[in-house]
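A look at the structure
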Amino acid sequence: MKLKIALFGITKEIVGQPELELDAPTEQSVAGLMDQLREKYPALRELTSFAVAVNSDYAADDYQLHERDEIALIPPVSGG
């Protein structure tokens, strides 16, 4: 299946574009997607944490993705 992933902050800088289209297995979980992204973009491994949102809600690692899901990588945010 094809997944569209919106990228923000440092994740956008690492990948080099604001959106990514990725081929993934039909039974892909959030954790599997993260492994696939870290394999393709090793610099993502250096981030201490980042969240994955699916359809505007934070998603657990075991959430099963679907082709029409809206997926976003949300990097850590700092501020004061």
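Please refer to the structure higher up on the page.
The sections below set out a description of the structure shown in this document. Small disclaimer: the values here were computed from a predicted structure and weren't measured.

So, how was this worked out
- Residues numbered from 1 in each chain as written.
- Predicted model: local features only at pLDDT ≥ 70, side-chain atom pairs only at ≥ 80, totals over all residues.
- Heavy atoms only, no water.
- Helix = DSSP H or I, 4+ residues; strand = E, 2+ residues; numbered from the N terminus.
- Buried < 20%, exposed > 50% of the residue type's maximum accessible area, 1.4 Å probe, protein only.
- Lys, Arg positive; Asp, Glu negative; His and termini not counted.
- Salt bridge = Lys/Arg side-chain N within 4 Å of Asp/Glu carboxyl O.
- Polar contact = N/O pair within 3.5 Å; in protein donor to acceptor, adjacent residues only side chain to side chain.
- Pairing = 2+ DSSP bridges.
- Core = buried A, V, L, I, M, F, W, Y, C linked by side-chain atoms within 4.5 Å.
- Contact = heavy atoms within 4.5 Å.

This next bit is on the side chain of Asp69. Within the secondary structure, Asp69 sits in the loop between strand E4 (57–58) and strand E5 (71–74). Nearest to the buried, unbridged Asp69 among oppositely charged side chains is Arg68, at 9.4 Å. Within the structure, the side chain of Asp69 is placed 3.0 Å from the side chain of Asn55, a separation counted as a polar contact. There is a polar contact of 2.7 Å between the side chain of Asp69 and the backbone nitrogen of His66.

Below, the discussion takes up the pattern of salt bridges. For the coordinates displayed, the defined rule picks out 1 salt bridge. Linking Asp23 and Lys2 is a salt bridge whose minimum nitrogen-to-oxygen distance equals 2.8 Å. With a gap of 21 residues between them, Asp23 in strand E2 (residues 19–23) and Lys2 in strand E1 (residues 2–7) connect regions that are remote in the sequence.

Pairing of strand E3 (residues 51–54) with E5 involves 4 bridges; the strand directions are antiparallel. The residue of E5 that forms the bridge with Ala51 is Ile74. Note that E3 and E4 share 2 bridges and pair antiparallel. Bridged to Ala53 within E4 is Tyr58.

Of the two faces of E2, the one holding Leu20 and Leu22 is buried and the one holding Glu19, Glu21 and Asp23 is not buried anywhere. With 5 bridges joining them, E1 and E2 adopt antiparallel strand pairing. Bridging across to E2, Lys4 finds its partner in Glu21.

A separate point is the nonpolar core. One finds Ile5, Leu33, Leu37 and Leu73 to be the most contacted residues of the largest nonpolar core, which totals 21 residues. Of all the secondary-structure elements, those providing two or more residues to this core are E1, E2, helix H2 (30–40), E3 and E5. Ranked by residues supplied to this core, first place goes to H2 with 4 residues. Discounting residues that sit within four places of it in the chain, Leu37 has contacts with Ile5, Leu20, Leu22, Leu44 and Leu73.

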